[in-house]
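Next come the chains, spelled out residue by residue.
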Amino acid sequence: MTQWVDAQMNLAWLYHYMGDDAAAVSEADKATARIPLGYHITPGKRPRKRGLPQVFLWVQLGKAHLLCGQIAMRKFYPARSADDFQYLANAALHYTLSLAYDELFASSFDEMRVGRALIYDSLKDMNQKEFQEFSQGVDRAAVNYDLKTPTPLHRFLKNRFGVRGPNLQ
């Protein structure tokens, strides 16, 4: 099953790189639907870190959320208006979950570094108001999903942008 999910997720990313985000989301949804619910982070419920036999599935869930974050940012950037801040909130949610899944797998690995680079590239050109909206979305995601704070994304934002988040001084 893990090879199928990996291949399906790679296909989703291929569609994204080709500019077909509807097909990308469809393929990512197919891949994540094959992953047992015990691996998923849901509001108020984190997966057990021990006892799950295929922890590589967390990497795939991280890739799925990274993809959704990238798609949200692609929708935000053409106009960059306050009307489009919903896409920032969506990207913040997905980037938060992406790095949370990655950290369930390991504290650092190649695909996580690639994901962080993509997130950085998506955020580096934001103005102060946009970045504030994004940061508030990260905070909301942490609360809504009952994630331990600071989340991996909070720490990343502090390390790369000097942004203070929950429990960061």
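Our structure is the block above this text.
**Focus: helix 7 (residues 152-161)**
For step 1, the next point in the chain: Every buried residue of helix 7 is listed here: P152, L153, H154, F156 and L157.
For step 2, the next point in the chain: The secondary structure elements touched by the buried residues of helix 7 are helix 4 (85-105), helix 5 (110-123) and helix 6 (128-144).
For step 3, the next point in the chain: Positive phi shows up at G162, right after helix 7, with a value of about 75°.

**Considerations on the side chain of H65**
For step 1, the next point in the chain: With respect to the element layout, H65 can be found in helix 3 (residues 56-76).
For step 2, the next point in the chain: We classify H65 as buried; its relative accessible area is 17%.
For step 3, the next point in the chain: Among the polar contacts made by the side chain of H65, one reaches the side chain of H94 at a distance of 2.9 Å.
For step 4, the next point in the chain: With residues near it in sequence (within four places) discarded, H65 still touches H94, Y95, L97, S98 and Y101.

**Thoughts on a nonpolar patch on the surface**
For step 1, the next point in the chain: On the surface, L11, L14 and M18 cluster together into a nonpolar patch covering about 280 Å² of accessible area.
For step 2, the next point in the chain: Mapping L11 onto the fold places it in helix 1 (residues 2-17).

**Some points on the side chain of E130**
For step 1, the next point in the chain: Checked against the element boundaries, E130 lands in helix 6.
For step 2, the next point in the chain: For E130, a relative accessible area of 3% gives the class buried.

**Considering the pattern of salt bridges**
For step 1, the next point in the chain: Applying the stated rule across the entire model yields eight salt bridges.
For step 2, the next point in the chain: Here K30 and E27 are joined by a salt bridge, their closest N and O atoms 3.3 Å apart. Linking K30 with E27, this pair stays in helix 2 (residues 21-33), spanning three residues, or about one helical turn.
For step 3, the next point in the chain: Residue R155 pairs with E103 through a salt bridge whose shortest N-O separation is 2.4 Å. One end of the pair, R155, is in helix 7; the other, E103, is in helix 4, with 52 residues separating them in the sequence.
For step 4, the next point in the chain: A relative accessible area of 30% means that R155 is categorised as partly exposed.

**Focus: the environment of T151**
For step 1, the next point in the chain: With respect to the helices and strands, T151 occurs in the loop between helix 6 and helix 7.
For step 2, the next point in the chain: The exposure class assigned to T151 is buried, which follows from its relative accessible area of 1%.
For step 3, the next point in the chain: Along the sequence, T151 and L99 sit 52 residues apart, while their C-alpha atoms lie 8.2 Å from each other.
For step 4, the next point in the chain: Here T151 is in contact with T96, V138 and A142, once residues within four sequence places are set aside.
For step 5, the next point in the chain: There is a polar contact of 2.9 Å between the side chain of T151 and the side chain of H154.

Rules and cut-offs
- Residues numbered from 1 in each chain as written.
- Predicted model: local features only at pLDDT ≥ 70, side-chain atom pairs only at ≥ 80, totals over all residues.
- Heavy atoms only, no water.
- Buried < 20%, exposed > 50% of the residue type's maximum accessible area, 1.4 Å probe, protein only.
- Helix = DSSP H or I, 4+ residues; strand = E, 2+ residues; numbered from the N terminus.
- Contact = heavy atoms within 4.5 Å.
- Polar contact = N/O pair within 3.5 Å; in protein donor to acceptor, adjacent residues only side chain to side chain.
- Patch = residues over 30% accessible without salt bridge, like charges linked within 9 Å, V, L, I, M, F, W, Y side chains within 5 Å.
- Areas by Shrake-Rupley, 256 points an atom, 1.4 Å probe, with all protein chains shown as cover.
- Salt bridge = Lys/Arg side-chain N within 4 Å of Asp/Glu carboxyl O.

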